[in-house]
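An overview of the molecular structure
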There are 2 protein chains.
Amino acid sequence: MARLIAFDVMSGDLGIEAAIAAIKIALAENPQMQIIAVGDEKRLQAQLAGHDRVQIRHAEAVVSMAENPKQAVRRRNTSLYKTIELVADGHANVAVSAGNTGALMITAKVLLKMRPPYRRPAIAGQIPCVGCTDSFTMLDLGANVDRSPEMLVDFARMGSEFARVVKGSDSPRIALLNVGTENIKGGQDLLAAHQLLGETDLNYTGFIEANSLFDPATAAADLPQVVVCDGFVGNVFLKTIEGLSKMIKSMFGNAYQSTAYSRLAGLVSLPVLNGLRKTMDSRRYNGASFLGLRGLVVKAHGNSDSVGLACALAFAMRQIDDQQSLIG
Amino acid sequence: MARLIAFDVMSGDLGIEAAIAAIKIALAENPQMQIIAVGDEKRLQAQLAGHDRVQIRHAEAVVSMAENPKQAVRRRNTSLYKTIELVADGHANVAVSAGNTGALMITAKVLLKMRPPYRRPAIAGQIPCVGCTDSFTMLDLGANVDRSPEMLVDFARMGSEFARVVKGSDSPRIALLNVGTENIKGGQDLLAAHQLLGETDLNYTGFIEANSLFDPATAAADLPQVVVCDGFVGNVFLKTIEGLSKMIKSMFGNAYQSTAYSRLAGLVSLPVLNGLRKTMDSRRYNGASFLGLRGLVVKAHGNSDSVGLACALAFAMRQIDDQQSLIG
């Protein structure tokens, strides 16, 4: 089966050049991947004309990062709109974009429709951890900025489905992110969601605090496979991790530069540091899934470079196989 | 002037032994510090009887971490209650506890009263960063789990006052934590707070995202000195940093243990790693301030060890001088 990815090459912070480089990397690494590149036809033709697994679809306009999503969804000539339209019309299996998250969400909701019983899409990402074998699924990472107990229960259902088909867990452990594990913590919405989740058939294990997710002392069997929170909190969580990883990398650089001795230490440490760097490289975890829709949409990080975008394309291809059973 | 600290020795996760060790460290390092240790009289007598700068006040009960704050505040025989009472009655200049945050907040509010125009206390902490010279002030870190635009404006005022007297900034730059910097992001509460803050006389610089706070590329002049958010988001932010720092330390350990070569690299890197460790050591930043009250309360981290608690005691002593002008 061909895996056909509609790829919005215009909307990322680093522009069309990074996207074209990403296409070349991803096609070389994934023999079954086929891409419909959506954007500036002339530039795409000039650089991708030779590739037999690339089709080009022209889009004259671009959605900016600051554009109001409700206005963006009305402009049908943007690369973002046309990319999702290709999935809605059955011409592609999955849409990939590094663009405006709000515009992606509303456009996906309008063109692809929600899958009952879900009312609003959520963004799910894979967060690397130490205690769990690889990573856990976290949602919502920013599709919605408001919350209600019912939305949190929907996110738990979506996350459970996702972990079941994508990760192969029979009955994924689901936890609700809170500022304490006692039943008195959190606001009214969170306590109501806690109550509702206890009444579902989901494998709900209760509240968890953010620090426990990364604590090497937490046993793997106690770690949730799915962590649920509202989109505002999830997005702050994600950006805190990103910011801190970047800061620590920069501290490494500075520390090993400061004296001749430390420069030597840095040299000797290179293999160890490279191992750490690889584990902490957020590009490897690029690609978040919009859940709850009748079609597949993958959001790449806005400032992804070519390596990051190629990872998101590979992630999108795996989603085609994994999530087929969900979206039908 | 004597600096008299009322110290709840019973409520931390590591118990009275860590607290007693902390008292010895803190007194040795701070010649002007005087402590009223509040807790199990017998054990305190046995270990602190010789110290001329320690008074002992007996408390027979302890507030547990899981106890409902509204119930805890009614028990007047707890070490937590008696510690705050010493400040309310003018017997001590500041209260320090590593106990139940909710109980601390409600007890402080009842015994010390709010300082007009403030309605609810907020917890402010110092977050280390790269771009800023040292650290920025963030609040609320978990005193409140709900939010309103008016509360966020109150937090901004408290944070601005705090940074002015404690950090010596004339007109501290204040930012509101959001999931984007465009005016369309965030929920209704956040947008309303943004509007209100723009109308105050505060030096409000707009929205900021969590990753920008740690980005080495952000110029120091662009970094806020005070970051405002609701207590739920702030607490998740803080615990994410703590969890991630712990995970990275553990990764270091593992990486340098994995082969003979990497063990050698670890040995050569020791001075560099120790420098990094010190920068990342959350114990150095122990001690968060309850703001908006008519008296001083410092919250130490629940699982503080003796070094962490000693840092919180030293922090509390500095608060006496710094914040005197605020609480009058």
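Digging into the environment of Ala210 of chain A
Relative to the elements of secondary structure, Ala210 of chain A occurs in the loop between strand S8 (204–208) and strand S9 (226–228). Separated by 18 residues in sequence, Ala210 of chain A and Val228 of chain A place their C-alpha atoms 11 Å apart. Apart from residues no more than four positions distant in its own chain, Ala210 of chain A is found in contact with Leu177, Asn178 and Phe237 of chain A together with Val236, Lys239 and Thr240 of chain B.

Some words on the packing of aromatic side chains
Summed over the entire model, instances satisfying the criterion amount to 2 aromatic pairs over all chains. Ring geometry for Phe214 of chain A and Phe237 of chain A: centres 6.0 Å apart, planes at 15 degrees, overall stacked. Of this pair, Phe214 of chain A sits in the loop between S8 and S9 while Phe237 of chain A sits in helix H8 (residues 231–257), placing them 23 residues apart in sequence. Note on Phe214 of chain A: relative accessible area 2%, which makes it buried. Positioned over the ring face of Phe232 of chain B is Arg147 of chain A, at 5.7 Å from the centre of the ring.

Remarks on the packing of helix H1 (residues 15–29) of chain A against helix H2 (residues 41–48) of chain A
Geometry of a packed helix pair, given as the angle between the helix axes and the separation of the axes. All names here are of chain A. For the pair H1 and H2, interaxial distance at closest approach is 11 Å and the crossing angle is 35 degrees. The interaxial crossing formed by H1 with H2 has right-handed handedness. Side by side, H1 and H2 meet where Ile16, Glu17, Ile20, Ile23 and Lys24 of the first sit next to Arg43, Leu44, Gln47 and Leu48 of the second. Tallied by class, the residues present in the contact of H1 with H2 amount to 5 nonpolar, 1 polar and 3 charged.

As for the confidence of the model for chain A
Mean pLDDT over chain A: 88, with 85% of residues reaching 70 or higher. Here the predicted complex carries an ipTM of 0.85, next to a pTM of 0.87.

Brief notes about H1 of chain A
Residue and element names in this part refer to chain A. The end-to-end C-alpha distance of H1 is 22 Å, a good match for the 21 Å that 15 residues give at a rise of 1.5 Å each. Within the sequence span of H1, burial applies to Ile16, Ala18, Ala19, Ile20, Ala22, Ile23, Ala26 and Leu27. Along its buried surface, H1 packs onto strand S1 (3–8), strand S2 (33–39), H2, strand S3 (54–58) and helix H10 (306–327).

Details of the nonpolar core
What tends to happen in soluble globular proteins is that the nonpolar side chains get buried as a cluster. In terms of nonpolar packing, the biggest core is built from 138 residues, with Leu177 and Phe237 of chain A together with Leu177 and Phe237 of chain B touching the most fellow members. Aside from chain neighbours lying at most four places away, what touches Phe237 of chain B is Val236 and Thr240 of chain A together with Ile127, Phe136, Met138, Ala210, Leu213 and Phe214 of chain B.

Let's talk about the sheet that holds S2 of chain A
Residue and element names in this part refer to chain A. Read from one edge to the other, the open sheet built from 11 strands follows the order S3-S2-S1-S4-S11-S10-S5-S6-S9-S7-S8, with strand pairing classed as mixed. One side of each edge strand has no neighbouring strand; the edge strands of this open sheet are S3 and S8. Strand-to-strand twist in this sheet, taken as the mean axis angle between neighbours without regard to direction, amounts to 25 degrees. Two elements, S1 and strand S4 (residues 94–97), share 3 bridges in a ladder whose sense is parallel. Bridge pairing links Phe7 to Val96 in S4. Helix H6 (residues 149–167) contacts strand S5 (122–128), strand S6 (135–139), strand S7 (174–177), S9 and strand S10 (288–291) of the sheet and is inclined by roughly 150 degrees relative to S6.

Let's talk about the side chain of Asp154 of chain A
Among the structural elements, Asp154 of chain A can be located in helix H6. Look past the residues within four positions of Asp154 of chain A in its chain and what remains in contact with it is Pro117, Tyr118 and Arg119 of chain A.

Describing unusual backbone geometry
All names here are of chain A. At the junction of Leu139 and Asp140, the peptide bond is cis and its omega measures out at 0 degrees in the coordinates. Of note, Lys113 is a non-glycine position whose phi angle comes to about 70 degrees, a positive value. Along the chain, the position of Lys113 falls in the loop between helix H5 (101–112) and S5.

Some details on the sheet that holds strand S5 (residues 122–128) of chain B
Residue and element names in this part refer to chain B. Ordered in space as S3-S2-S1-S4-S11-S10-S5-S6-S9-S7-S8, the 11 strands form an open sheet in which the pairing is mixed. Of all strands in the sheet, those with a lone pairing partner are strand S3 (54–58) and strand S8 (204–208), marking the two edges. The average angle at which neighbouring strand axes cross in this sheet is 25 degrees, direction not considered. Bridge analysis of strand S1 (residues 3–8) against strand S2 (residues 33–39) gives 6 bridges, and the strand direction is parallel. The residue of S2 that forms the bridge with Arg3 is Met33. Contacting S2 and S3, helix H2 (residues 41–48) crosses the sheet at an angle of about 165 degrees to S3.

Criteria and thresholds
All residue numbers refer to positions counted from 1 along the written sequence of the respective chain. Lettering of chains starts at A and numbering of ligands starts at 1, both following the order in which they are written. It should be noted that, the model being predicted, local features are given only for residues of pLDDT at least 70 and side-chain atom pairs only at 80 or more, the latter also being counted only at that level, while totals for whole chains, interfaces and linings use all residues. The side-chain quantities take in all heavy atoms of the structure and omit both hydrogens and water. Helix numbers and strand numbers start at the N terminus; a helix is a DSSP run of H or I with at least 4 residues, a strand a run of E with at least 2. Throughout, a residue-residue contact means that at least one pair of heavy atoms, one from each residue, lies within 4.5 Å. Note on aromatic pairs: the rings of Phe, Tyr and Trp (six-membered ring only in Trp) are paired at centre separations within 6.5 Å, and the planes decide the class, stacked below 30 degrees, edge-to-face beyond 60, tilted for the rest. With a 1.4 Å probe rolled over the protein chains alone, any residue whose accessible area is under 20% of its type maximum counts as buried; one over 50% counts as exposed, and the rest are partly exposed. Two conditions define a charge located above a ring, namely a distance within 6 Å from the ring centre to NZ of Lys or CZ of Arg, and an angle within 35 degrees of the ring normal. For helices, the axis comes from a line fit to the C-alpha atoms of the stretch in contact; other axes are also lines fit to C-alpha atoms, and the angle between any two N-to-C directions lies between 0 and 180 degrees. Handedness of each helix crossing follows the sense of rotation of the near helix against the far helix: counterclockwise by less than a right angle gives left-handed, clockwise gives right-handed. Each residue gets one of three labels, nonpolar for Ala, Val, Leu, Ile, Met, Phe, Trp, Tyr, Cys and Pro, charged for Asp, Glu, Lys and Arg, and polar for the others, Gly among them. Across the chain, each position has a pLDDT score giving the predictor's confidence in that residue, from 0 to 100. Here the expected length of a helix is defined as 1.5 Å per residue gap, with one fewer gap than residues. We define the nonpolar core as a collection of buried residues of types Ala, Val, Leu, Ile, Met, Phe, Trp, Tyr and Cys that are connected through side-chain atoms lying within 4.5 Å of one another. Here a strand pair is declared whenever DSSP counts at least two bridges between the two strands.

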